[in-house]
Every structure is written in structure tokens, then in C-alpha cells.
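In case you want the letters, here they are:
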Amino acid sequence: MTLPTPTLHTGRLRLRPLVADDADDLFALHSSRTVQRYWDAPPWEERARADQFLARCRQVAEDGTGARVAVDRADDGVFLGWCGLTRWNADYRSAALGYCFSEAAWGHGYATEAAGAVLRWAFDTLDLNRVQAETDTRNVASARVLEKLGFVHEGTQREDCVVEGVVSDSWVFGLLRRDWLPSAGG
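Note that the structure is predicted; figures quoted are calculated from it, not measured. As a convention, each chain's residues are numbered from 1 in the sequence order in which they are written. Totals for whole chains, interfaces and linings use all residues, but because this is a predicted model, local features are given only for residues with pLDDT of at least 70 and pairs of side-chain atoms are given and counted only at 80 or more. Where side-chain values are given, they derive from all heavy atoms of the structure, hydrogens and water being excluded.

*Asks:* When you look at unusual backbone geometry in this model, what are you seeing that I'm missing?
*Replies:* Generally, phi is negative for residues other than glycine and the peptide bonds are trans, each holding for most cases. In this model, Arg-93 sits at a positive phi of 55 degrees, which is unusual for a non-glycine residue. Here Arg-93 lies in the loop between β4 (79-89) and β5 (94-101). By relative accessible area, Arg-93 is classed as partly exposed at 30%. Despite not being glycine, Asp-127 has its phi angle at roughly 55 degrees, a positive value. Segments assigned H or I by DSSP are reported as helices when at least four residues long, segments assigned E as strands when at least two residues long, and all are numbered from the N terminus. Position of Asp-127 relative to the elements: it lies in the loop between α4 (110-124) and β6 (130-136). Exposure classes here rest on a 1.4 Å probe applied to the protein chains alone. A residue is buried below 20% of its type maximum, exposed above 50%, and partly exposed in between. A relative accessible area of 35% places Asp-127 in the partly exposed class.

Structural data, given as C-alpha cells:
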């Protein structure tokens, strides 16, 4: 079953399907050591990785297991990053939330606003009961985004990632439909 990728709007953002023209922005985002320092993979070194990412996004949507959207600032169309759901399971009514934003977008509430819009779509349109998210334990800013959205810290996966020789833990967060704060994120 295909999962149509939505176009969503908030007060400051436009969330839209990723397209081939986003490849340069995606490469800039994922090749940044600063942006990727808490990611579960090293920064991209080849531009072709952006095309592969876009192909995976299309495949996830075609498989019906998720949807990722580009996040643009509404007033000027500047690409800020992406947000989306993966591991969508219609039988269990669950999915995993993920996002990645450029360093210039940090500290403005864009991640909270974009993720809030995706969660609203997930709970209202996909009828989800649970959304899970994970973040490196060193990434307190990402953990704060999740907490603002109503996620609850459920546990720690010890030493679950090794990126460029650094072993790290991940926090697991969960959000249940009954705990969802629809006003969060715009």
C-alpha cells in the first residue's frame, strides 16, 4: 500500500514532498559535521548520497512504511531540513518520527513546529496510537524538542551506535495518542 506524502502548512513553515531539486540542499545538510555529530552515520562525502536518500524516501512511501517531507520557511521558501515518519505499521498503528535541520535553523522552534505538523497528520490521518523517536543522549536539544511535543522518555539503549569510532547511547521516547498535545508545534 502506498502512503501519499502530504503537503502541510504551519504558521511559518511549508512541509512538502521531497523532490530531485532538493538533492543539493540535502547534501549540504547531511555533509555538515556539526549537523551530523549526533547522527547514527557519518557525514556524507559524495553528492550521490543525496540521490540515494531521495530514492529511499520514494521507496518508503511506495512501500507504505512512511513519508518524509522537506521543510521550507513559508515566507521565503528557504530549505531548512526534513521531517518524517518511518516504520509505519497500520496493524499496530505505530511509526517512528525523525528529523534533521540545518544549523542555521536551530534555536527558532522550526523542528518542534514541523514535527508537530507531522504528528497532527499522523494521529488524524493515519490514526496512529503510538509514535517513537530516538536521539543520541548527548543531543539534549533534540530531546527537548520531543519533550515539548509531549513525548515521554521511556529508556536508554546502551552503546547502540558507533559512528567514526565513537560509541554512544540513545534515548528512546514515546508518544501515545492519548498524551498528544495538538497545540504543540504550531
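*Asks:* Whenever I open this one, the pattern of salt bridges confuses me. Can you help?
*Replies:* Side-chain pairing between opposite charges can occur once the charged atoms of the two side chains come close. For this document, the term salt bridge refers to a Lys or Arg side-chain nitrogen within 4 Å of an Asp or Glu carboxyl oxygen. What the rule picks out here adds up to 13 salt bridges. Taking the shortest distance from any N to any O, the salt bridge between Arg-177 and Asp-127 comes out at 2.6 Å. One end of the pair, Arg-177, is in the segment after β8 (166-176); the other, Asp-127, is in the loop between α4 and β6, and 50 residues separate them in sequence. Each of Arg-14, Arg-16, Asp-22 and Asp-72 takes part in salt bridges that share partners, so that together they form one network.

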